[in-house]
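Coordinate inspection notes
Take a look at the letters that make up each chain.
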Amino acid sequence: MKNYSRQREEIIKVVKESCDHKTAEEIYMIVKAKDPAVSRSTVYRNLGLLVENNIINKISMLVGPDRYDYIIKSHNHAICVKCGKVFDFDYDFDYEKIKQIVAHQTGIEISNKGIALEGICNSCRNK
């Protein structure tokens, strides 16, 4: 992206500093609190540009709104099925073996190199 934008830099900062993979609306609310002049469409448009330019990663959720991640390299996620928060975790899976097994059993060709596991986070469990 060749054009500098103060608002885009603020969006990147919010995504980078959040460890719970915020939604577009959550990012908008944080940026709006710092810059009341920013519009929702500006934030959403810039999120799209940042994903398109591989500066941030969009995590497509099966249920609920998509979330955004600053880590571009392939990595794994644990997703809370109650609140929708997404957490990074490290584990060295044999992705090629998993891809072969899934392709053999389902016919689906895997396009990403991350594993997503679902469960209930500590906060939701303690409620």
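Above this text you will find the structure in question.
Presented here is an overview of the structure given in this document. (Residues numbered from 1 in each chain as written. Predicted model: local features only at pLDDT ≥ 70, side-chain atom pairs only at ≥ 80, totals over all residues. Heavy atoms only, no water.)

1. Some thoughts on the pattern of salt bridges
As a reminder of what qualifies: Salt bridge criterion: a side-chain nitrogen from Lys or Arg within 4 Å of a carboxyl oxygen from Asp or Glu.
Tallied over the entire structure, the rule returns seven salt bridges. With a closest N to O distance of 3.7 Å, Lys 58 and Asp 66 form a salt bridge.

2. A few points about the packing of helix H1 (residues 6-17) against helix H3 (residues 40-52)
This is how the line gets drawn: Only the stretch in contact is used when fitting a helix axis, every axis being a line fitted to C-alpha atoms; angles between N-to-C directions are given from 0 to 180 degrees. Here a helix means four or more residues in a row that DSSP labels H or I, a strand means two or more in a row labelled E, and each is numbered from the N terminus. Convention used here: angles under 35 degrees read as roughly parallel, angles over 145 as roughly antiparallel, angles from 65 to 115 as roughly perpendicular, and any remaining angle as oblique. Whether two residues are in contact is decided by their heavy atoms, any of which lying within 4.5 Å being enough.
The geometry of H1 relative to H3 is characterised by a closest axis approach of 10 Å and an angle of 70° between their N-to-C directions. As far as their axial angle goes, H3 and H1 are roughly perpendicular. Residue-level contacts link Gln 7, Arg 8, Ile 11, Ile 12 and Val 15 of H1 to Thr 42, Val 43, Asn 46, Leu 47, Leu 49 and Leu 50 of H3.

3. Quick notes on the pairing of strand S4 (residues 86-89)
The criterion, for reference: Between any two strands, at least two bridges found by DSSP are needed for them to pair.
Across four bridges, the pairing between strand S3 (residues 76-80) and S4 is antiparallel. By the bridge assignment, His 77 is partnered in S4 with Asp 88. The antiparallel pairing of S3 with S4 creates a hairpin that spans five residues between the two strands, and Gly 84 there sits at a positive phi of about 85°.

4. Structural notes on the packing of aromatic side chains
Our working rule: Stacked, tilted and edge-to-face are the three classes applied to pairs of Phe, Tyr and Trp rings, where Trp contributes its six-membered ring and a pair requires centres within 6.5 Å; stacked means planes under 30 degrees apart, edge-to-face means over 60, and tilted covers the rest. Burial classes: relative accessible area under 20% of the type maximum marks a residue as buried, over 50% as exposed, and values in between as partly exposed (1.4 Å probe, protein chains only).
What the rule picks out here adds up to three aromatic pairs. Ring geometry for Phe 89 versus Phe 93: centroids 6.3 Å apart, planes at 80°, classification edge-to-face. For Phe 89, a relative accessible area of 22% gives the class partly exposed. Members of the aromatic cluster, connected to one another through ring pairs, are Phe 89, Tyr 91, Phe 93 and Tyr 95.

5. Quick word on the sheet that holds S4
In space, the three strands of this open sheet follow the order S4-S3-S5, with mixed pairing throughout. If you trace the sheet from one side to the other, it starts and ends with S4 and strand S5 (116-119), each paired once. Averaged over all neighbouring strand pairs, the angle between strand axes comes to 25°, with direction disregarded. Pairing analysis gives four bridges linking S3 to S5, with the strands arranged parallel. Looking at the pairing, Ala 78 lines up with Leu 117 of S5.

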